[in-house]
Amino acid sequence: MIKVKGVAIPNMPWEDKPANYDMPMWRYSKNPVIGRNPVENVARIFNSAVVPYKNGEFAGVFRAETKNGVPYLYTGFSKDGLNWNFSKEAIKIYDSKGKDVSPNYAYDPRVVPIDGVYYVIWCTDFCGASLGIAKTTDFEHFESFDNPFLPFNRNGVLFPRKVNGKYLMLSRPSDSGHTPFGDVFLSESPDMYYWGRHKHVFGTTKDWWQSVKTGAGCAPIETDEGWLLFYHAVTGTCSGFVYSIGAALLDLEDPSKVLHRCKNFILTPEMEYEERGFVANVVFPVAALTDAPTGRIALYYGAADTYTALAFTTVEETINYIKKYDCENK
Ligand code: BMA
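What counts, and at which threshold
- Residues numbered from 1 in each chain as written.
- Predicted model: local features only at pLDDT ≥ 70, side-chain atom pairs only at ≥ 80, totals over all residues.
- Heavy atoms only, no water.
- Pairing = 2+ DSSP bridges.
- Helix = DSSP H or I, 4+ residues; strand = E, 2+ residues; numbered from the N terminus.
- Buried < 20%, exposed > 50% of the residue type's maximum accessible area, 1.4 Å probe, protein only.
- Arc of directions from axis to C-beta.

The subject of this paragraph is the sheet that holds strand β6 (residues 85-86). If you walk across this open sheet you meet the 4 strands as β3-β4-β5-β6, and the pairing is antiparallel. With partners counted over all chains shown, the strands left at the sheet margins are β3 (42-52) and β6, one partner each. Pairing analysis gives 8 bridges linking β3 to strand β4 (residues 58-66), with the strands arranged antiparallel. Bridging across to β4, F46 finds its partner in R63.

Right, let's talk about the sheet that holds strand β9 (residues 117-125) for a bit. Sheet architecture is open: 5 strands sit in the order β7-β11-β10-β9-β8, paired in mixed fashion. Each having just a single partner strand, β7 (93-94) and β8 (106-114) make up the two edges of the open sheet. The pairing of strand β10 (residues 129-136) with strand β11 (residues 142-144) spans 2 bridges and is antiparallel. Considered in β11, the bridge of A134 is made with S144.

Considered for burial, the residues of helix α2 (residues 315-324) that qualify are V315, T318, I319, Y321 and I322. Across the axial projection of α2, the buried residues extend over an arc of 160°, all falling on one side.

Without other data, these values stay purely geometric and don't point to any function.
The structure is reproduced here in structure tokens:
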């Protein structure tokens, strides 16, 4: 059995794989987990991050699209990872001197715990779409690390520990609009402020579902075979982009090296809540809870830029699948 390095989360959401299902990832039968108008003045919550928190409970940072159409980050707490109590207001972010540097808009947050501190990375306004990073220990006070990258950039995802003494982040340089291109890059930092030594990790392939752009999804999961990364990938159609979920295995010591990468999608829009909504045909992975002893994964994804949904897999199922359907273009 493939070993996972991480924490036990025995109470995380879980359902067994339906009988005779031929894909490695299956949806929660009661999806979506978060429906429309979930809290006052918020029309939609999607593309949102969930982590284990104190006393066996869960905390999250949510992309909350307010009723003037602008996305902000809200917090939420839950006993079961399914039913959430959301904050009533967007979170405020301060710099290290206490100045309010709350963003004009904020979306697609990832939350990664490293050594007891929760780091939030999101897409922020820095003369256009770029990355913001802040830290918190209580999900009430958030302190910013300024602007880690030059514009334009999105889909910043931290590794859950330092590798060779450095913090590592995946990101996807972009344009200021809806970006018709995109590869995943790796950057390192000694302190979360200064990022450099950039390396290319992977880009698009000739497989049509991942032929337009790609971007990191959930924080990489450490296994004894490598870092398991769920990512999103996009194809272009007559009616616009279609976002699917893929997976890759990256080298433990040098995660810019791709060991295996799926040729097939792991999950693609098929359900009404994925195919119909504010933006049709989007499944967008953002957070994965992994129970290290069993290798079970509960993956939170945005559906149609409208809902938050859940899907399940195991480390073993996904890694075996991507080895079986390994990408020719690695
Ligand atoms: C991307 C991001 C995501 C969004 C997706 C589909 O560019 O903005 O937040 O889910 O487009 O609209």
